[in-house]
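Structure at a glance
Letter by letter, the chains look like this.
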Amino acid sequence: MTNQYEVVIGLEVHVELKTQTKLFCGCANGFGQDPNSQTCPVCLGMPGVLPVLNGEAVALATRAALALHCTVNSYSKFDRKQYFYPDLPKAYQISQYDQPLAENGHVTIHTAAGKRNIGIERIHMEEDAGKLNHLGQRLGDAEGSLVDLNRAGVPLIEIVSRPEMHSPEEARQYLVELRTILSYLDISDLRMEEGSMRCDANVSLRPLDFTGSLADLPRVEIKNVNSFRNVQRGIEFEINRQRQMLQTGQRIIKETRGFDDASGSTYSQRSKEEANDYRYFPEPDLPPLVLTEKWLKEQREALPQLPDELRQSLAERGVAERDAEVLVQDVNLYHYWSQVVALVSDARLVTNWLLSDYSRLMNANNLSFAEPKVSAHGLASLLSLITAGTLSGKMAKEVLETMFDTGETAEAVVKRLGLSQITDHNAIKEIVSAVVAANPAVVQDFVSGKEKALTFLVGQVMKQTKGQAKPDLVNALLREVLATYA
Amino acid sequence: MNLTEKEVRHVARLARLAISSVELSEATQALGRVLDYIDLLNELDTDAVPPTTHVEAIETVWRQDRVVPSLSPEEATANGPQVSSQMFVVPKILDGGEG
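Bear in mind that the values here come from a model prediction, so they are computed numbers and not experimental data. (Residues numbered from 1 in each chain as written. Chains lettered and ligands numbered in written order. Predicted model: local features only at pLDDT ≥ 70, side-chain atom pairs only at ≥ 80, totals over all residues.)

1. Observations regarding the overall build of chain B
As a reminder of what qualifies: Counting from the N terminus, the helices are DSSP H or I runs at least four residues long and the strands are E runs at least two residues long. Values of the radius of gyration come from C-alpha atoms, whereas the globule rule sets the reference at 2.2 Å times the count of residues to the power 0.38.
Secondary structure assignment for chain B yields three helices and three strands. Going from the N terminus to the C terminus, chain B shows its helices and strands as α-α-β-α-β-β. A compact globule built from 99 residues would reach a C-alpha radius of gyration of about 13 Å, whereas chain B, at 22 Å, exceeds it by more than 25%. Oriented by its inertia axes, the alpha-carbon framework of chain B measures out at about 55 × 45 × 25 Å.

2. A short note on the overall build of chain A
The criterion, for reference: Exposure is read from a count of other C-beta atoms within 10 Å of each residue's own; the residue is exposed at 12 or fewer, buried at 20 or more and partly exposed in between. C-beta atoms are placed from the backbone. Two residues qualify as being in contact provided that their C-beta atoms, derived from the backbone, are within 7 Å of each other.
Scanning chain A from terminus to terminus reveals 15 helices and 17 strands. At 31 Å, chain A has a C-alpha radius of gyration far larger than the 23 Å of a compact globule built from 486 residues. By its C-alpha atoms, chain A is 95 × 55 × 50 Å across when sized along the principal axes. Residues counted as buried form 38% of the 486 residues belonging to chain A. Within chain A, counting contacts between residues at least 6 apart in sequence, those at least 24 apart form 68% of the total.

3. Digging into the packing of helix H12 (residues 425-438) of chain A against helix H15 (residues 471-483) of chain A
The relative placement of two packed helices is expressed as an angle between their axes plus a distance between the axes. Residue and element names in this part refer to chain A. The test is simple: Note on geometry: axes are lines fitted to C-alpha atoms, helical ones only across the stretch in contact, with angles between N-to-C directions running from 0 to 180 degrees. With respect to orientation, any angle under 35 degrees is reported as roughly parallel, any angle over 145 as roughly antiparallel, any angle of 65 to 115 as roughly perpendicular, and every other angle as oblique. Left-handed describes a crossing in which the near helix is turned anticlockwise from the far one by less than a right angle; the clockwise case is right-handed.
H15 packs onto H12 with a crossing angle of 55° between their chain directions and a minimal axis gap of 10 Å. Comparing their axes, H15 and H12 come out oblique. Judged by the sense of rotation from one axis to the other, the crossing of H12 with H15 is right-handed. Across from Ile428, Lys429, Val432, Ser433 and Val436 in H12, the residues of H15 making contact are Leu473, Val474, Leu477, Leu478, Val481 and Leu482.

4. Topic: the nonpolar core
Grouped burial of nonpolar side chains is what soluble globular proteins tend to show. All names here are of chain A. For clarity, the threshold we go by: We define a nonpolar core as a collection of buried residues of the types Ala, Val, Leu, Ile, Met, Phe, Trp, Tyr and Cys that are connected via C-beta atoms lying within 7 Å of each other.
One finds Ala61, Ala64, Ala65 and Ile123 to be the most contacted residues of the largest nonpolar core, which totals 73 residues. Among the elements that make up this core, the one with the highest residue count is helix H1 (residues 55-67) (nine residues). When sequence neighbours within four positions are dropped, the list of residues in contact with alanine 64 reads Ile123, Ile157, Leu182, Leu185 and Ile187.

5. Quick notes on unusual backbone geometry
Positive phi, close to 60°, is recorded for asparagine 366 of chain A, a residue that is not glycine. Looking at the element boundaries, asparagine 366 of chain A is found in the loop between helix H8 (347-364) and helix H9 (376-387). Looking at asparagine 366 of chain A, the number of C-beta atoms within 10 Å reads 6, which means it is exposed. Residues other than glycine seldom take positive phi values, yet threonine 60 of chain B does so here, at roughly 45°. Take threonine 60 of chain B: it is sitting in the loop between helix H2 (21-39) and strand S1 (62-63).

6. Section: the environment of valine 341 of chain A
Residue and element names in this part refer to chain A. Looking at the element boundaries, valine 341 is found in helix H7 (residues 331-343). Considering only alpha carbons, one finds valine 341 and histidine 377, 36 residues apart in sequence, at a separation of 9.9 Å. Among residues more than four places away in sequence, those in contact with valine 341 are Ala347 and Val350.

7. So, the environment of cysteine 25 of chain A
Residue and element names in this part refer to chain A. Within the fold, cysteine 25 resides in the loop between strand S1 (5-16) and strand S2 (53-54). Cysteine 25 sits in the buried class, given 24 other C-beta atoms within 10 Å. Counting along the chain gives 27 residues from cysteine 25 to valine 52, while the straight-line C-alpha distance between them is 6.3 Å. When neighbours within four sequence positions are excluded, cysteine 25 is seen to be in contact with Cys40, Val42, Cys43, Pro51 and Gly153.

8. Some points on the domain arrangement of chain A
Rule in force here: Source of the domain bounds: an automatic or database domain assignment.
With domains assigned, chain A is organised as domain 1 (11-203 + 272-295), domain 2 (305-417) and domain 3 (425-483). Taking only C-alpha atoms, the centre of domain 1 of chain A and the centre of domain 3 of chain A are 69 Å apart.

9. Considering helix H2 (residues 168-185) of chain A
All names here are of chain A. Note the threshold: How far a helix is expected to stretch is found by multiplying one less than its residue total by 1.5 Å.
Under the 1.5 Å per step criterion, the end-to-end length of H2 is 26 Å for 18 residues, consistent within 8% with the ideal 26 Å. Along H2, the positions that sit buried rather than exposed are Pro168, Ala171, Gln173, Tyr174, Leu175, Leu178, Thr180, Leu182 and Leu185. Backbone geometry just downstream of H2 places aspartate 186 in the positive-phi region, at approximately 55°.

10. Looking at the pairing of strand S10 (residues 144-148) of chain A
Quick note on the threshold: When DSSP finds at least two bridges between two strands, those strands are taken to pair.
For S10 of chain A, a buried count of four out of five residues is recorded, marking the element as mostly surrounded by other parts of the structure. The pairing of strand S9 (residues 131-135) of chain A with S10 of chain A spans five bridges and is classified as antiparallel. Its bridge partner being in S10 of chain A, lysine 131 of chain A is matched across the sheet by aspartate 148 of chain A. Sheet topology places S10 of chain A next to strand S3 (residues 87-91) of chain B; four bridges connect them, and they run antiparallel. Of the residues in S3 of chain B, the one forming a bridge with serine 145 of chain A is valine 90 of chain B.

11. Section: the sheet that holds S10 of chain A
Taking strand neighbours across the sheet as the criterion, the four strands line up as S9(A)-S10(A)-S3(B)-S2(B) in an open arrangement whose pairing is antiparallel. Taken across any chain shown, the strands that pair with only one partner, and hence form the sheet edges, are S9 of chain A together with strand S2 (83-84) of chain B. Bridging between S2 of chain B and S3 of chain B involves two bridges; their strand directions are antiparallel. Of the residues in S3 of chain B, the one forming a bridge with valine 83 of chain B is phenylalanine 88 of chain B.

12. What about the confidence of the model for chain B?
Note the cut-off: One confidence number per residue, pLDDT, is output by the predictor and ranges from 0 to 100.
Looking at chain B as a whole, the pLDDT averages 88, with 92% of positions reaching at least 70. In the predicted complex, the global pTM is 0.84; the interface-specific ipTM is 0.88.

13. Some details on the interface of chain B and chain A
Which entries qualify depends on this criterion: Charged means Asp, Glu, Lys or Arg here, nonpolar means Ala, Val, Leu, Ile, Met, Phe, Trp, Tyr, Cys or Pro, and polar covers whatever is left, Gly included.
Listed per partner, the contact involves 36 residues of chain B and 51 residues of chain A. Secondary structure elements with two or more residues in the side of chain B that touches chain A: S1, helix H3 (73-76) and S3 of chain B. For the side of chain B that touches chain A, the class distribution of residues is 15 nonpolar, 12 polar and nine charged. Bridging between S2 of chain A and S1 of chain B involves two bridges; their strand directions are parallel. Among the inter-strand pairings, asparagine 54 of chain A is bridged to a residue of S1 of chain B, identified as arginine 63 of chain B.

14. Quick word on the sheet that holds strand S5 (residues 79-82) of chain A
All names here are of chain A. Spatial strand order, S6-S5-S16: three strands in an open sheet with antiparallel pairing. In this open sheet, the two strands that pair with only one neighbour each are strand S6 (92-95) and strand S16 (281-282). Where S5 meets S6, four bridges bridge the pair, whose relative direction is antiparallel. Bridge assignment links glutamine 82 to a residue of S6, and that residue is tyrosine 92.

15. Focus on the packing of H12 of chain A against helix H14 (residues 452-464) of chain A
Residue and element names in this part refer to chain A. It is the contact of H12 with H14, at a shortest axis distance of 10 Å, that shows an interaxial angle of 125°. In terms of orientation, H12 and H14 fall into the oblique class. Relative to H14, the crossing made by H12 is right-handed. Across the interface between the two elements, Ile431, Val432, Val435 and Val436 from H12 touch Leu457, Gln460, Val461 and Gln464 from H14.

Have a look at this one:
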């Protein structure tokens, strides 16, 4: 047997949909509410109730499927997945098994070797389970648990990738791009720390001389990791663990493992060798879901511009690739950028200000572009003062900081602080001539070839104008006047 | 239909049913007879009949995404054998959860 292995990674991502109500009942879909305040007989799993599908959830799921280049099935159905767990009041989860909503999509990632499509096998809809609050520090120490069913029945989509990633870094890139695409659809909060986006990673090592089916390789599933960084760490740990086991002749068993943030390691939760018998069968309470061409067309038309399209249009507007990536990956930042650019057409100027000074201020104050401190309109008027020559870059920085602190408009700050660049040619020339006349020795130095002498003279002019002269204009005028001394 | 005791034990385990060896042999025979009866359906020629997953000839029943009032937490937990802080109390679980 070989000692060479290929890493094989597949990801299952659960995304909670941002609907008003749950998937099969009219209870509110809200995070952080009072325990069991958003439940009804349907989501509590009482006997004799009838689930009715939320049409909006189907619309949001369909838009995700279309944005991820999937084929949306015109006919799909719901199934019961049976298992016992206290967060699942019916003892079955309504999901989709053999006829899911959508199949065969992809996410494009950018690797050192170029662009690569990571396949999406399927996207299906299902209901979320409730939440268990464990009494005690860890699951194993818990004396018991408290069950809150507010989340039970919240609509989810599960996005199942093909096992086509070969490194923890590729897995991270897939997740980042997936989240970026979904963020533009505005179908979910996508907050991993709140559980509105969750990721399970399947990791196996394929010996290079193994020619069988990937499905036959023992696969380890790392469950519910709470950040992209930890998905990457969990996969890294698992690759090393499995490699060591294989190299010392041990057999890897198919199992589910948890991730421990503190130690960066995974631990066995449950052997999957026979536990996975969910006895799926068609949900008799829900008729099949048949989507018409007309309805699908409406969903397709409701799609916004997506990241790849935005990257292209940013490139056409002269925004550097790295900057474009920063803009695209934060949907709120990108929307803010678009608003400013609509007012100040210089895309590069806007990008530079937004990604440097403005972002620095936002980060320092721990703010998100979802709620910008200075409105797009406010930043646009500041940038207009730069393009008009009223403010130098340095002055504008000061004005921006003040706007940030006090909430004043750019014009108000400029007026209050008495800032504005002197662009009057004649006014500056007068001062330049006076400075030259007052410093004959320095002028002599410059004439005899000391370039540095010019800096001193520029400084003198700036001093006399209280820093409000336009520096390149001062430079040009000084050289003009000095030329008459040569 | 040859239903084995092993299969019945597996199904009982999945359903979290404890059964004695006497019950096991009885259940194997009784369930076997049920399956034999259902097996009669195989005598029908269904080659030309498309598979169906629902008994009613209806499709795509969906509702508006409009909130309706929920139960109060007290009503919701009224059937719980033990309730604490508006939540159902359940015993310690050793097994991991599902996704």
